[in-house]
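Next come the chains, spelled out residue by residue.
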Amino acid sequence: MKLNKVHHIAIIASDYARSLDFYTRVLGLTVIAENYRSERESYKTDLALDGDYIIELFSFPNPPARVSRPEAAGLRHLAFEVDNIDTAIRELDVKGIDHELVRTDGYTGKRFVFFQDPDGLPIEFYEK
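Note that this is a predicted model, so its numbers are computed, not measured.

Is there a simple way to think about the nonpolar core in this case?
The tendency in soluble globular proteins is for nonpolar side chains to be buried side by side. One finds F22, Y23, L27, I55, F80, F115 and F125 to be the most contacted residues of the largest nonpolar core, which totals 26 residues. Of all the elements in the fold, those that place two or more residues in this core are β1 (9–13), α1 (16–26), β4 (52–59), β5 (78–82), α2 (85–94), β7 (111–116) and β8 (122–127). When residues of this core are assigned to their parent elements, the largest contribution, five residues, is made by α1.

This is the structure:
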């Protein structure tokens, strides 16, 4: 089997407008397409990073909560590479986004930091 790349990551938001604002205004992703599916009472919005389709953001009526701590079984976190961790943290601070203290990867020596999306999904910025 030959895999080419990760095609997309699907995220279900408990508050669609709040999450759309977070992923676009805070993280800077752009909307490729936003579709309301009346038969499902839900939105499906495709978001891009630097023009590359990366995230499907969904809304559904009353979605159940999911455990999302980084050490819970299943998907651990969503990580984005950044050029400079200090610059990225300053931007989080300006936008009022709480984050953990910077850590250093014991294997690569690279710095990284964790924060959360509006539903508590762990997100990591990892320095290039």
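Still to come is the rest of the account.
What am I meant to see in the layout of surface pockets here?
Taken as a whole, the second largest pocket encloses approximately 380 Å³ of empty space. Lining the second largest pocket are 19 residues, with L27, E81, V82, E91 and F125 positioned closest to its centre. Those elements that provide at least two residues to the lining of the second largest pocket are β3 (42–49), β5 and α2. Here the residues of the lining of the second largest pocket are counted per class, giving 10 nonpolar, four polar and five charged.

Sorry, what's going on with the packing of aromatic side chains here?
What describes a pair of aromatic rings is the distance from one ring centre to the other and the angle between the planes of the rings. The final tally for this structure, using the stated rule, is eight aromatic pairs. When the ring of F22 is compared with that of Y23, the centres are 5.1 Å apart and the planes differ by 85°; the resulting orientation is edge-to-face. For the pair F22 and Y23, one class covers both residues: buried. Within the aromatic cluster, the residues linked to one another by ring pairs are F22, Y23, F115 and F125.

Parameters at a glance
- Residues numbered from 1 in each chain as written.
- Predicted model: local features only at pLDDT ≥ 70, side-chain atom pairs only at ≥ 80, totals over all residues.
- Heavy atoms only, no water.
- Core = buried A, V, L, I, M, F, W, Y, C linked by side-chain atoms within 4.5 Å.
- Buried < 20%, exposed > 50% of the residue type's maximum accessible area, 1.4 Å probe, protein only.
- Helix = DSSP H or I, 4+ residues; strand = E, 2+ residues; numbered from the N terminus.
- 1 Å grid on protein atoms, 1.4 Å probe; cavity = no way out; pocket = protein on both sides within 12 Å on 5 of 7 lines; lining within 4 Å.
- Points joined across faces, edges and corners; volume = space filled by probe spheres on them.
- Nonpolar A, V, L, I, M, F, W, Y, C, P; charged D, E, K, R; others polar.
- Phe/Tyr/Trp six-rings, centres within 6.5 Å; stacked < 30°, edge-to-face > 60°.

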